[in-house]
Amino acid sequence: MRVEVPKAMYQGRFNDVNADVIVEYRANAGRLTTAFAAAPILLLNHRGAKSGAPYTSPLAFTRTADAYVIVASMGGAPVDPQWFRNVVAHPDVTIEVGAETIPVLARVAAGEERAQPYRAHADTISNFDDYQAGTSREIPVIVLERRDPPTG
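Fair warning: this is a prediction, and the values are worked out from it, not measured in the lab.

(A) Region of interest: the sheet that holds strand S1 (residues 41-47). Strands sit in the order S2-S1-S5-S6-S7-S4-S3 across an open sheet of 7 strands; the sheet is antiparallel. Here the strands that pair on one side only, and so sit at the sheet edges, are strand S2 (54-60) and strand S3 (62-63). By the bridge criterion, 2 bridges tie S3 to strand S4 (residues 67-71) in an arrangement that is antiparallel. By the bridge assignment, Thr62 is partnered in S4 with Val69. Across the sheet, helix H3 (residues 112-124) touches S2, S3, S4, strand S6 (100-109) and strand S7 (141-146), and the angle it forms with S4 is around 75°.

What follows is the structure in C-alpha cells.
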C-alpha cells in the first residue's frame, strides 16, 4: 500500500504533532488514528548527541529480512534532523514497534546498501521522492538491527 502524508501534518508543527503521535501510539499499542494513521510508524528512543537527554521521535519505517529501516528526510529540509545526529553519536537506541520495545544498534547505510531501503520507503510513502527532490543532500538511511539487551 502506498501512503501520502498530508503536508499540513508536518510543516511548522513538528514538535506538537510528534508529541500527540507519541501519546496516541503508546496508548493504543502502536495503532494511530490521527496523524500518520496510514503509515507504518515506530518510536525511536534516543539520547541527545551532546546533552545525553532522552528524546523520542515517531518515524516511518520499512523492514528488511532482519532489520528495521528509517530515513532522515526531515521533510526534504537542507539539513539532517537532530534525531539523526543523536543516533550517529549514540547508536545504541531502542525502538517501540506496536507494544514491543526493542533494543537496536543504528548504523548509516551507504552505497548499494542505501539504495534499496530508500526505494522501499518511497514506494510505501510517496512523500519520500518529493523529499529527495527538494534537497541537495543525500538523505541518510539508517538500519536498526536488534541487539541483545544489557544484562545485570
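Back to the text.
(B) Representation of the pairing of strand S5 (residues 92-97). Bridge analysis of S1 against S5 gives 3 bridges, and the strand direction is antiparallel. Bridge pairing in S5 links Leu43 to Glu96. As defined by bridge partners, S5 adjoins S6 across 6 bridges and the pair is classed as antiparallel. Of the residues in S6, the one forming a bridge with Ile95 is Ile102. Hairpin connection from S5 to S6: 2 residues lie between these consecutive antiparallel strands, with Gly98 at a positive phi of about 65°.

(C) Local environment of the pairing of S6. Alignment of S6 against S7, held across 6 bridges, turns out to be antiparallel. Residue pairing across strands places Val104 opposite Arg146, the latter belonging to S7.

(D) Structural view of helix H2 (residues 82-89). Inspection of H2 places Trp83, Phe84, Asn86 and Val87 among the buried residues, and these make up the whole buried set. Down the axis of H2, the smallest arc covering the buried residues is 160°, so these residues share one side.

(E) Molecular detail of unusual backbone geometry. Not every positive phi belongs to a glycine, and Ala29 is a case in point at roughly 50°. On the basis of relative accessible area, Ala29 is assigned to the partly exposed category, the value being 32%. The phi torsion at Met74 lies on the positive side, around 50°, for a residue other than glycine. By secondary structure assignment, the location of Met74 is in the loop between S4 and H2. Classification of Met74 by relative accessible area gives partly exposed; the value is 32%.

(F) The arrangement of the environment of Asn45 in detail. Topologically, Asn45 is positioned in strand S1. Every residue in contact with Asn45, bar those within four places of it in the chain, is listed here: Arg26, Tyr55, Thr56, Val93, Thr94 and Glu96. Among the polar contacts listed, one links the side chain of Asn45 to the side chain of Thr56, at a separation of 2.7 Å.

(G) Just the side chain of Thr62, in detail. Relative to the helices and strands, Thr62 is located in strand S3. A residue is classified by how much of its surface remains accessible, and Thr62, at 10% relative accessible area, is buried. Ignoring any residue separated from it by four or fewer positions in sequence, one finds Thr62 in contact with Ala67, Tyr68, Val69, Pro117, Ala120, His121 and Thr124.

Quick notes on the rules
Residues numbered from 1 in each chain as written. Predicted model: local features only at pLDDT ≥ 70, side-chain atom pairs only at ≥ 80, totals over all residues. Heavy atoms only, no water. Pairing = 2+ DSSP bridges. Helix = DSSP H or I, 4+ residues; strand = E, 2+ residues; numbered from the N terminus. Contact = heavy atoms within 4.5 Å. Axes fitted to C-alpha atoms, helices over the stretch in contact; angles between N-to-C directions. Buried < 20%, exposed > 50% of the residue type's maximum accessible area, 1.4 Å probe, protein only. Arc of directions from axis to C-beta. Polar contact = N/O pair within 3.5 Å; in protein donor to acceptor, adjacent residues only side chain to side chain.

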